[in-house]
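What follows is the residue order along each chain.
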Amino acid sequence: VKDHAGVTLVHPPDPEAMRIFELCGTAVGVEDSGAMDTLPVITCTMGAYYGLLQTLHHWLVDKGVDYGAASIYVGALMQSIALDGKNAGAQGFEALITEQTPGGYNEMGLRELREAGVWDEVRATLDSIHARWTGRAQGSELRPETTRRGGINAATEQATSDKVALAPALPADSLLTDSGFDLLLSDPAAFELAIAELKSRSQLAVAAEAK
């Protein structure tokens with residue numbers, strides 16, 4: 001607000017109230033009282049946005065970029081990108097999505113995150129926050145089911161499971177030979193089977209020793 005860059009919901013959208021709040025930034029007139037229980041949920045993405053900034057910043061630093069330079073760059077870049085969103089006004093954001101060059105780097109990033117289920121997770125979190133905001137939940141107990149559980153993509157998990165089912169039944173002893181180890185390294189599914197077998201043997205040995 002002190003930078004005249006805030007946003008205020010005005011219900012009902014009284015013209016004089018709208019004029020006053022426009023002096024503080026952007027005033028959004030809301031006719032529907034029910035929307036006043038939904039629109040504020042988006043403000044709860046502030047922490048997630050800062051989390052994105054931190055992830056970008058730390059990635060650059062991990063790649064050897066100076067800490068301060070990386071911080072300044074990320075902050076300024078994301079501000080310039082956010083300006084496109086503000087300038088979209090009432091038109092929505094489809095045009096910003098479709099203008100990404102097919103096969104380009106931006107389209108690649110968008111596609112990979114979509115395929116990883118990131119946007120589905122965002123929607124599920126918004127539903128969860130909305131349930132708490134409206135008093136239907138105390139915490140995250142009403143968060144919708146998604147294809148990702150505990151940070152694991154269910155589609156990827158199923159694909160891995162299918163590969164393991166089709167993998168040759170190589171014994172865990174293969175890990176103890178150079179040739180067997182090389183073979184297992186070339187076949188991740190078989191490697192997982194061998195590791196699982198070793199874990200099972202270890203657990204059985206511990207159980208036997210306990211007896």
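Residues numbered from 1 in each chain as written. Predicted model: local features only at pLDDT ≥ 70, side-chain atom pairs only at ≥ 80, totals over all residues. Heavy atoms only, no water.

The next point concerns the overall build of the protein chain. Along the backbone of the protein chain there are nine helices and four strands. The secondary structure elements of the protein chain, listed N-terminal to C-terminal, are β-α-β-α-α-α-α-α-β-β-α-α-α. Contacts spanning at least 24 positions in sequence make up 30% of the contacts within the protein chain whose residues lie at least 6 apart. Carbon and sulfur atoms form 60% of the exposed surface of the protein chain, whose accessible area is close to 15500 Å². (Helix = DSSP H or I, 4+ residues; strand = E, 2+ residues; numbered from the N terminus. Contact = heavy atoms within 4.5 Å. Areas by Shrake-Rupley, 256 points an atom, 1.4 Å probe, with all protein chains shown as cover.)

Here we come to the packing of aromatic side chains. Where two aromatic rings form a pair, the distance of their centres and the angle of their planes describe that pair. Tallied over the full model, the rule gives one aromatic pair. Between Tyr 49 and Tyr 50, the aromatic rings sit 6.1 Å apart at their centres with planes inclined by 50°, giving tilted as the arrangement. (Phe/Tyr/Trp six-rings, centres within 6.5 Å; stacked < 30°, edge-to-face > 60°.)

What follows is about the pairing of strand E2 (residues 25–29). Note that strand E1 (residues 6–10) and E2 share five bridges and pair parallel. Among the inter-strand pairings, Thr 8 is bridged to a residue of E2, identified as Ala 27. In this view, the connection linking E1 to its parallel neighbour E2 by way of helix H1 (residues 15–22) has right-handed handedness. (Pairing = 2+ DSSP bridges. Right-handed = clockwise from strand over helix to strand, strands pointing away.)

Running from N to C, helix H2 (residues 46–62) and helix H3 (residues 67–87) point in directions that differ by 140°, and their axes come no closer than 9 Å. Classified by the angle their axes make, H2 and H3 are oblique. Between H2 and H3 lies a crossing whose hand is right-handed. Here Tyr 49, Leu 52, Leu 53, Leu 56, His 57, Leu 60 and Val 61 of H2 lie close against H3, whose contacting residues are Tyr 67, Ala 70, Ser 71, Tyr 73, Val 74 and Met 78. (Axes fitted to C-alpha atoms, helices over the stretch in contact; angles between N-to-C directions. Parallel < 35°, antiparallel > 145°, perpendicular 65-115°, else oblique. Left-handed = near helix turned anticlockwise from the far one by under 90°.)

Bringing the side chain of His 57 into the picture now. With respect to the helices, strands and loops of the structure, His 57 is situated in helix H2. Contact partners of His 57, with chain neighbours within four places excluded, come to Tyr 67, Ala 70, Ser 71 and Val 74.

Look at the link from His 11 to Pro 12: it is a cis peptide, with omega at -10°. For Pro 12, the location among the structural elements is in the loop between E1 and H1. Unlike most non-glycine residues, His 4 shows phi in positive territory, near 55°. For His 4, a relative accessible area of 55% gives the class exposed. (Buried < 20%, exposed > 50% of the residue type's maximum accessible area, 1.4 Å probe, protein only.)

So, about the side chain of Glu 121. Locating Glu 121 in the fold gives a position in helix H6 (residues 118–133). With relative accessibility at 17%, the residue Glu 121 sits in the buried group. Within the structure, Glu 121 has its side chain in polar contact with the side chain of Arg 143 (distance 2.8 Å). A distance of 2.5 Å separates polar atoms of two side chains, one belonging to Glu 121 and the other to Thr 146. Discounting chain neighbours no more than four positions away, the residues touching Glu 121 are Arg 143, Thr 146 and Arg 148. (Polar contact = N/O pair within 3.5 Å; in protein donor to acceptor, adjacent residues only side chain to side chain.)

On to the pattern of salt bridges. Within this structure, the stated rule accounts for four salt bridges. A salt bridge links Glu 16 to Arg 19; its shortest N-O distance comes to 2.7 Å. Separated by three residues within a single helix, Glu 16 and Arg 19 lie in helix H1, roughly one turn from each other. Classification of Glu 16 as partly exposed rests on a relative accessible area of 41%. Given the relative accessible area of 47%, Arg 19 is considered partly exposed. Between Arg 111 and Glu 115 there is a salt bridge; the shortest N-O distance is 3.9 Å. With Arg 111 and Glu 115 both in helix H5 (residues 105–115) and four residues apart, the pair spans about one turn of that helix. (Salt bridge = Lys/Arg side-chain N within 4 Å of Asp/Glu carboxyl O.)

So yeah, pure geometry; function would need other evidence.
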